[in-house]
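Chain by chain, the residues run as shown.
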Amino acid sequence: MKSRLGKVKTVIRRYRRASQMAVLSLLILSPFVNLFRFDLPSMSLYLFGVRLWTKHVVVFFLLLVTVIYFIIAASLLFGRVFCGWVCPQNLFNEVTREWDRRFGRAGSILVSLLVGLFGGFVVWSYFSDGTVLLRQYLSGQVPVGPTAFIAAAGLFFTLAMAWWRTAICRVACPYGHLQSIITNAETMHLQVFNMPGTRDICATCGLCAEICHMGVDPRTPEQKNCVVCGDCLDACALVSQARGVPRVLNFTIGAGERAVALRERGRLLQNVRHLAPRLVLPLLLTTVLSGVSGYLLANRPLVDLVVAKDHRHVLAAGGPVSSGGVMAVSLINLADRADHFRLLVEGLPEGWAALERTTVDLGPGERALVRLLVNPTERQVGIHRFTVRVVGEQSGAEASFETVHVVY
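In this convention, every chain numbers its residues from 1, walking through the sequence in written order. In keeping with the model being predicted, local features are shown solely for residues with a pLDDT of at least 70 and side-chain atom pairs are shown and tallied solely at 80 or more, while totals for entire chains, interfaces and linings include all residues. As a convention, hydrogens and water are excluded, and side-chain values are obtained from all of the structure's heavy atoms.

(A) Broad picture of the pairing of strand β5 (residues 249-253). Burial here depends on accessible area, computed with a 1.4 Å probe over protein chains only, as a share of the maximum for the residue type. Under 20% is buried, over 50% is exposed, and the range in between is partly exposed. Only runs of H or I of at least four residues qualify as helices and only runs of E of at least two qualify as strands under DSSP, and these elements are numbered from the N terminus. Taken across its five residues, β5 has five buried, putting it largely inside the fold. Alternating residues of β5 divide into L249, F251 and I253 and N250 and T252, and every residue in both groups is buried. Pairing between two strands requires that DSSP report at least two bridges joining them. Relative to strand β6 (residues 260-261), β5 is paired through two bridges, and the arrangement is antiparallel. Bridging from a neighbouring strand, T252 pairs with A261 of β6.

Right under this line is the structure:
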């Protein structure tokens, strides 16, 4: 079996492995270069180097939905291409088998454990600053919480790589189950093509099924676990070349007699049209949501301002003070750097408003409460509308909050 599979020139696998390794490298580096990571201690999110806060959660939500719709569109057209060319689990499904052959079963488990622990450290770094934890380990400190998390995650990854492997993809992966719902007969699949005149040229050697790490026989219609890896095509090319016939196994788009191999690009576009009605909505939503997300990200608020009655001070005064003459001004710096803020009150007669302080220095994500006392110098019965405004000197961020003061 080894010599038989060893003869296959896995050309497609080389391109696929480059894609998988690029994605894996990106996932490892992302939390350390702030490309994407949560920071639970500060309740913030780093996205493309930009720091977002809980007030910006709608931006993250829209970007997440955009990615989901993009994956759905790709799945409708190409099947489980995400599994075969992007997902790290499928990468380790394959390389752990190579570890079994090269290091033996015990050695493969040991390598899986080491990789799993490193994976646990990377996952932890998505929720807290991994460089800080690394410096603690290098200085001899072993924090209990992070270490327990890394050990638990490492155990899970070890089980996934050394024992569960493709069972996760076939049984537990939610995307795998979603695949069976959103695809149909028009979606790209594997099919055996015969010579003109219905001559069956498949050698029925079974090499295509033997090389598949997902346990799929591409000669049969049951292909829900196919991850579009392409190994079976290279196996079929080896046998077909030796027999002097064209490769009979191909990825095709279209159902039944309309099925067209990917290499027949002219006819292929005709079959893609049959998928178009199902592709329009996810592609349209992907385009619209990505545009909206980009706009909101570029124009996100850099400061948050809220003005409310300070009931604690009103009650402490022993009686009503107009309609709440003591107010609390809440100010949050939503930028990714420290700033010096100026507070202004506009719209009230001169001398009515007194801020506890008119300037505030805040670091990223820091919040300040400033007391505002509204004390009419003369009795003017009615509703008096006014605005509290804040301006950041470093970032140029501005925010305003309109409220009212009632004099009885």
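Back to the write-up after that little detour.
(B) The state of the cysteines, seen in detail. By definition, disulfides here are pairs of cysteine sulfur atoms that lie within 2.5 Å. For the structure shown, the criterion picks out zero disulfides. Of all cysteine sulfurs in the structure, the one in C208 sits closest to C205, which takes part in no disulfide; the separation is 6.2 Å. Using a relative accessible area of 34% as the deciding quantity, one classes C205 as partly exposed. Exposure remark for C208: the relative accessible area of 9% places this residue in the buried category.

(C) Region of interest: the pattern of salt bridges. A pair is scored as a salt bridge if a Lys or Arg side-chain nitrogen falls within 4 Å of a carboxyl oxygen belonging to Asp or Glu. For the structure on display, the rule yields 13 salt bridges. Notably, a salt bridge pairs D231 with R13, separated by 2.9 Å at the nearest N-O pair. Pair noted here: D231 is in helix α11 (residues 231-243) and R13 is in helix α2 (residues 11-29), with a separation of 218 residues, a long-range link. Under the relative-accessibility criterion, R13 is labelled partly exposed at 26%. Salt-bridge contacts for R165 lead to D100; the nearest nitrogen and oxygen are separated by 3.0 Å. In this pair, R165 sits in the loop between α7 (144-164) and α8 (166-172) while D100 sits in helix α5 (residues 88-125), placing the two residues 65 residues apart along the sequence. On the accessibility criterion, R165 (10% relative accessible area) is buried. Linked through salt bridges whose partners overlap, the residues forming this network are R13, R16, R17, E94 and D231.

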